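# A closer look at the structure
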Amino acid sequence: MILIDTATLSLREFPTSDQRYAILSHTWSLSIDEEVTYEEMVSSERSAATLAKPGYSKVIKTCEIARSNYNLPYAWIDTCCINKASSAELSEAINSMFKWYGDAWVCLVYLSDVTDTQSSFHHSRWFTRGWTLQELIAPMAVIFFDSEWAFRGTKESMATHIATITGIPSQILDHSADLNDVPVAQRFSWAALRETTRDEDRAYSLMGLFDINMAMLYGEGRKAFIRLQEQILSQTADMSLFLWNDLQTRQEYTGILAPSPDCFREMRTVNAKPTFTQRDFHLTNRGIRLKVGLAWEADTGLAILPVKHSIGSTDKPAGIYLRRVGLDLFARARPQDYATIEGPRNYTVFTAVRTLTQSQSKSIANLVISVSIPSDISVVKVEPHGSWNPSAQLLHSSHTGAFLGYMMFRKDHEPDYHRLNDFSVVVCFRHGQWLATAVDWPRWSKIQGSFYNYYKDHLDEMSYNDTIEDREIGCIVAPGLTSVTVHLRGGVEPSVHIRNIYTR
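Here's a quick rundown of the structure. (Residues numbered from 1 in each chain as written. Predicted model: local features only at pLDDT ≥ 70, side-chain atom pairs only at ≥ 80, totals over all residues. Heavy atoms only, no water.)

## Examining the environment of glutamate 156
Its location among the elements puts glutamate 156 in the loop between β7 (151-154) and α7 (159-166). Owing to a relative accessible area of 74%, glutamate 156 belongs among the exposed residues under this scheme. Counting along the chain gives 15 residues from glutamate 156 to alanine 141, while the straight-line C-alpha distance between them is 7.9 Å. (Helix = DSSP H or I, 4+ residues; strand = E, 2+ residues; numbered from the N terminus. Buried < 20%, exposed > 50% of the residue type's maximum accessible area, 1.4 Å probe, protein only.)

## A look at the sheet that holds strand β2 (residues 11-13)
Here we have seven strands laid out as an open sheet, ordered β2-β1-β4-β3-β5-β6-β7, and mixed in their pairing. Lying at the two open borders of the sheet, with one neighbouring strand each, are β2 and β7. Adjacent strand axes in the sheet meet at a mean angle of 30°, parallel and antiparallel pairs treated alike. Strand direction decides the pairing type here: strand β5 (residues 106-110) and strand β6 (residues 142-145), joined by four bridges, are parallel. Bridge pairing links tyrosine 110 to phenylalanine 145 in β6. Strand contacts of helix α4 (residues 87-103): β1 (2-5), β3 (21-26), β4 (74-76) and β5, with the helix running at about 110° to β3, the strand carrying the most contacts. (Pairing = 2+ DSSP bridges. Axes fitted to C-alpha atoms, helices over the stretch in contact; angles between N-to-C directions. Contact = heavy atoms within 4.5 Å.)

## A short note on α4
Between its first and last C-alpha, α4 extends 23 Å over 17 residues, near the 24 Å set by a 1.5 Å rise per residue. Along its length, α4 shows its largest kink, about 55°, at serine 96. Every buried residue of α4 is listed here: Leu90, Ser91, Ala93, Ile94, Ser96, Met97, Phe98, Trp100 and Tyr101. Against β3, β4, β5, α6 (132-137) and α10 (199-204) lie the buried residues of α4. (Expected span 1.5 Å × (residues − 1). Bend = angle between axes of the 7 residues up to and from the residue.)

## A word on the sheet that holds strand β19 (residues 377-383)
With antiparallel pairing, the four strands of this open sheet are ordered in space as β19-β22-β23-β24. If you trace the sheet from one side to the other, it starts and ends with β19 and β24 (433-440), each paired once. For this sheet, the mean inter-axis angle between neighbouring strands, taken without regard to orientation, is 20°. In this sheet, β24 lies alongside strand β23 (residues 422-430) in antiparallel orientation, the contact comprising eight bridges. Across the sheet, the residue bridging to serine 424 is valine 439, located in β24.

## So, the nonpolar core
With 109 residues, the main nonpolar core has Trp76, Phe242 and Leu305 as its most contacted residues. Sorting elements by how many residues they give to this core places α4 first, with seven residues. Residue contacts for phenylalanine 242: discarding those within four places in its chain leaves Leu233, Ile256, Leu257, Phe281, Ile288, Leu290, Leu305, Val307, Ile320 and Arg332. Counting 17 residues, the second-largest nonpolar core is a separate cluster that includes Leu367, Val425, Val427 and Trp434. (Core = buried A, V, L, I, M, F, W, Y, C linked by side-chain atoms within 4.5 Å.)

## Observations concerning the pattern of salt bridges
In total, this model carries 13 salt bridges according to the counting rule given. In this structure, lysine 61 and glutamate 64 form a salt bridge, with 3.3 Å as the shortest nitrogen-oxygen distance. Of the two residues, lysine 61 and glutamate 64 are both situated in helix α3 (residues 54-70); the distance of three residues between them amounts to about one turn of the helix. With a relative accessible area of 25%, lysine 61 lands in the partly exposed category. A residue is classified by how much of its surface remains accessible, and glutamate 64, at 41% relative accessible area, is partly exposed. Between arginine 334 and aspartate 337 there is a salt bridge whose closest N-O contact spans 3.6 Å. Each member of the salt-bridge network shares a partner with another, and the members are Arg286, Arg289 and Asp328. (Salt bridge = Lys/Arg side-chain N within 4 Å of Asp/Glu carboxyl O.)

Put into structure tokens, the structure is as follows:
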């Protein structure tokens, strides 16, 4: 750790942070040239241009207050105490930042845009920056100064105002509650709408709040926030990580991980629900593998993933919508919303995709079959469960380019009903084209139990396929003088039309 000697203003390096030092929290000047760099501080002779910088006056004032008010021999300032030319030292500093602020004897906050009015404090740019979040939370003693370095108060004396401005509970500000007991979604909500100069820093500035260490990969952009969530997943069973809503995306489907801290802005009142069971989830090469009980929305066929948390004063557990897009694969549906869990749940083992591109989202929305069902025919069963949207009468395939499923139908209102009235339509999407065939009950009863294994090896039986024109692809004649014809139409919105034809 590199510290400034408060008497000589020279830099000294120490192996640990076990020193008595003050630490400065501030917003950098809009012009980076106004701040003092590490290279300027270690120069054998500081130039007149360096001494004239506004940033150098912050060095002088920080050391003066640390020495005269608190008798501290050292101080730390991020602009000049990190050798940013060394990627190893920069990575160590960023990963250690939360600890360094927490170990400081006192944190001095310089609010360069605050005057003597109370409103200027509430609207200070300092409360909108990403890095200053941990600089507020980590230290025990925080002292605020305005643009003239006049004392404005402490974190303790101004806790009510700060909690109102930031949404951070006073118990976290005064350290009477453990940060690790706060739901992940709520901690992310404190960072919503805060800004950093680089996209990556929106993630890197939050590592300390979750006790995470990560390699710095500047250039990865918003992927850094995905990587941060993956690291959190590896260390916690807190499912509120999945509880977010993206009010900016136009995608109909997304991954289960949030693209930005902004998605958690409405999660300040997330509360953990007591539970007797803990479900495991872990990262795989396909996504996030979960073993949980899913609820199902009857009208849309969407699954609802309970996250074992509630929002606000309601006692009902919250969840997120999922759409099945494969045999055991789900994507986040309706990412602008979150759900309230009602009704029974079915224990399910499945994989949720981590992220989805806009083109992948469009594939899920477009690679569907529209099924027009006569009023006297009902849907008995659909596999995979959750791929059928009853209200829109759409059967969803997958964004991965492969899908195999079926729909079972039944002729209603038959006075002498028996299972011979049942029939199935088998649907497959492969190599960019749809295939389908209709199967009557006698034959279907023999292959249904091993449906997937059978058709994986007998796709040649699904010889009717089309991606361009409206074409008849299968026909069965069931008892009761009912003939059902299946058509498949290609293009952007392929469809299967089931038509009733009465014959004698």
